[in-house]
Each structure stands twice: as C-alpha cells, then as structure tokens.
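The lines below spell out each chain.
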Amino acid sequence: GVPPATDLVLGATAGCLACFLTNPLEVVKTRLQLQGELQAPGTYPRPYRGVLRAAVAVCQADGLRGLQKGLAAGLLYQGLMNGVRFYCYSHAEDAGWTGYPGGTVAAGAVAGAVGAIVGSPAYLVKTHLQAQTLSAMAVGHQHNHESISGAFKSIYQQHGVVGLWRGVTGAVPRVAVGSAVQLATFASAKDWVCERQWFRKGSWAAVLAGGMVSGVAVAVTMTPFDVISTRLYNQPVHTDGTGKLYRGFLDCILQISSKEGLLGLYKGIGAVYLRLGPHTVLSLFFWDKLRNM
C-alpha cells in the first residue's frame, strides 16, 4: 500500500542508515579483495589477515577515521541504488508481477540492475577512496584522490562521462544477483517464521529473522560478483579508458581463476557476510518499518 515514490525515499533512507553503520566492514572487505591481485596464493605479502586484524591494520595505517573512508561516496551510492531499487520493486508489486512464480526474484533482479547502473559512478569513487592508504599497506592500484568531489572531477576530466560508468559491467550482475536473492529470501523467510508462529506477523523479530537468513544467502551468491566488481572498478586504465588488467567481466573471472585459483573469487567472504549480513538486516528492517509507519 506504499506508493512507489514514497518507497524511493524510504529505500534511500534505509540504505543510508545501514551504510553508516556498516561502512567500516566495507573498507575492510575492499582491502581484502584487492590483496594479492592476480598473484598466486602464498607469493605476496598479506598486510590484511582476517576481518579483525584487517580492521586493526586499517586503523594503524589511517587512524580510526580510516574505517569510515569513502563514507560520503558510500552514502551517495546507497541512496541512489537503494532508492531506485526499492522504487522499481514497489512498482512491480503494484503491477502484480511479484505474484507470479519467480516474479519476486525477477523483479528483484531487474530492480537491482537498474539501481546499480544509476549508482555506479558513486560506487566507482567509493572503491577508489577505500583502497587508498599508505604505500606500506597499499593493495591494488592507488588512484590518490584527495576528496569525493576531486575524484569525480578527475575521472570526468580524464575519461569523460563514460569514464564515470567504468566497471558497470561488474556492478550490474553483482547487484542484480544480490538484490534478487535478498528480496526473495527476505520475503520468504519472514513469511515462513510467521506461518509457524515462531514470531508474530509484523514484529521486529520476524523482520530480523528474515534479514538474517537473507544475509547468509546473499553473501554466498554475491561474493564472486563482489570481488569482480571491486577489481574492475579499482584497476588502472589507459588514456582511452580501457582497463590495464582486465578487458571486462568475463576476462576478470578467467584471470582471477587461473592466477589466484577458484578461491580467489571468494576472497574476503568473511568480511562480505559480516558487512552484508548486518547491512541486509538493517536496510530491510529500516525499509519494512518505515513502510509500516
């Protein structure tokens, strides 16, 4: 019963609230995913080992503020992506498309893909800023932006409008898969626990239970796409805007698999879940409660 335009605002608000609380895990996840890029396991130094030790390493290199690197870009991305995503999903609900078999998954995937395209420039800048650190602790390419506005300006001046959407080929499948799994499993899990009368329908406990199940499913299915997306966004580029390391989505998969092994596609999965789990719970919890209000 919530109009799609209202869902746009509520979705953006929910995503930003969740982002503010989980951004430190996003910083850690980015560093872990870039560590040992295109190098065989055991052949490179590992300044970041595990989620907790990686968080400590970030603090040692960049101070406590380092755990909130890229926050402004992250909030912009979450506002754009989640606003558009929940807006599109709300339209699908109103049209009755989610009532068909597989309709929830399809609507979630399409809504996520559209949101990813709209928010891609912000995610590009966020990844660049979160990867930046002291040379002794650096992993991945260092773009050395001074601020979020400086990053947007630099990318635009060097590569034009198209450059702001570099890496979107990795973002679309990442968010489409994650959104489809998230929205489908959240709705199903929430209904399931209520049907068995474990929690009262509409209670915060039922919402949290659905979000926790959804967080596990999203982390397992989304991590490979998340690694690929981080690599495509952060890689250095030639003057014509083409990547120096990866030619595209499929080339990135093949290179990671061949040089880092299949487990390379699951780098940082612990950080992915510890970030996605709370983020899924919080964003869907805030969205659900805001809608009820």
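Residues numbered from 1 in each chain as written. Predicted model: local features only at pLDDT ≥ 70, side-chain atom pairs only at ≥ 80, totals over all residues. Heavy atoms only, no water.

## Describing the overall build of the chain
- For the chain, the helix and strand inventory stands at nine helices and zero strands.
- When the helices and strands of the chain are read in sequence order from the N terminus, they spell out α-α-α-α-α-α-α-α-α.
- The C-alpha radius of gyration computed for the chain amounts to 19 Å, which stays within 12% of the reference 19 Å derived for 293 residues, consistent with globular compactness.
- Projected onto the principal axes, the alpha-carbon positions of the chain cover approximately 55 × 40 × 35 Å.
- The 293 residues of the chain split such that 53% are buried.
- Expressed as a percentage of contacts within the chain between residues at least 6 apart in sequence, the contacts between residues at least 24 apart total 79%.
- Taking the average location of the 24 positive side-chain charges in the chain and that of its 14 negative ones, the two points are 6 Å from each other. (Helix = DSSP H or I, 4+ residues; strand = E, 2+ residues; numbered from the N terminus. Rg over C-alpha atoms; globule rule 2.2 N^0.38 Å. Buried < 20%, exposed > 50% of the residue type's maximum accessible area, 1.4 Å probe, protein only. Contact = heavy atoms within 4.5 Å. Lys, Arg positive; Asp, Glu negative; His and termini not counted. Charge placed at Lys NZ, Arg CZ, Asp CG, Glu CD.)

## Describing the pattern of salt bridges
- Under the definition given, this model contains 11 salt bridges.
- Across the pair Lys29 and Glu26 runs a salt bridge whose closest N-O atoms are separated by 3.0 Å. Here Lys29 pairs with Glu26, and both are found in helix H1 (residues 4-34), just three residues apart, close to one helical turn. Glu26 shares its class with Lys29; the two are buried.
- With a closest N to O distance of 2.9 Å, Lys267 and Glu260 form a salt bridge.
- A relative accessible area of 13% means that Lys267 is categorised as buried.
- Taking relative accessible area as the criterion, Glu260 reaches 4% and is therefore assigned buried. (Salt bridge = Lys/Arg side-chain N within 4 Å of Asp/Glu carboxyl O.)

## What about the environment of Ser229?
- Examined against the element boundaries, Ser229 turns out to sit in helix H7 (residues 204-234).
- Taking the relative accessible area as the measure of exposure, Ser229 reaches 0% and is therefore buried.
- Look past the residues within four positions of Ser229 in its chain and what remains in contact with it is Tyr123, Gly170, Ala171 and Arg174.

## Side note on the side chain of Ser120
- Inspection of the secondary structure puts Ser120 in helix H4 (residues 103-131).
- Within polar-contact distance, the side chain of Ser120 engages the side chain of Tyr233 at 2.6 Å.
- Among all residues touching Ser120, those that are not within four sequence positions of it are Leu164, Trp165, Val168 and Tyr233. (Polar contact = N/O pair within 3.5 Å; in protein donor to acceptor, adjacent residues only side chain to side chain.)

## With respect to the packing of aromatic side chains
- Applying the stated criterion across every chain, the model contains four aromatic pairs.
- Pairing Tyr77 with Tyr123 gives two aromatic rings, centres 4.8 Å apart and planes at 70°, and the pair type is edge-to-face. In this pair, Tyr77 is assigned in helix H3 (residues 71-95) and Tyr123 in helix H4, connecting sequence segments 46 residues apart.
- Where Trp192 meets Trp198, the ring centres are 4.9 Å apart and the plane angle is 85°; that geometry is what we call edge-to-face. (Phe/Tyr/Trp six-rings, centres within 6.5 Å; stacked < 30°, edge-to-face > 60°.)

## Here's the deal with helix H6 (residues 168-195)
- For H6, built from 28 residues, the straight-helix expectation of 40 Å at 1.5 Å per residue is met to within 8% by its first-to-last C-alpha distance of 40 Å.
- Residue Gln197 follows H6 closely and has a positive phi angle near 60°. (Expected span 1.5 Å × (residues − 1).)

## Points about the state of the cysteines
- Tallied over the full model, the rule gives zero disulfides.
- Free cysteine: Cys59, not disulfide-bonded; nearest cysteine sulfur from Cys19 at 17 Å.
- Overall, the relative accessible area of 23% leaves Cys59 in the partly exposed class.
- Free cysteine: Cys88, not disulfide-bonded; nearest cysteine sulfur from Cys16 at 17 Å. (Disulfide = S-S within 2.5 Å.)

## Points about the UniProt feature "transmembrane region" (unreviewed entry) in the chain
- Feature annotation in UniProt places "transmembrane region" (unreviewed entry) on residues 204-225 and 268-287, given in this structure's numbering.
- What you have in residues 204-225 is 100% helix and 0% strand, and the ends, taken at the C-alpha atoms, are 31 Å apart. (UniProt positions renumbered as here; feature names shortened; annotations may be inferred.)

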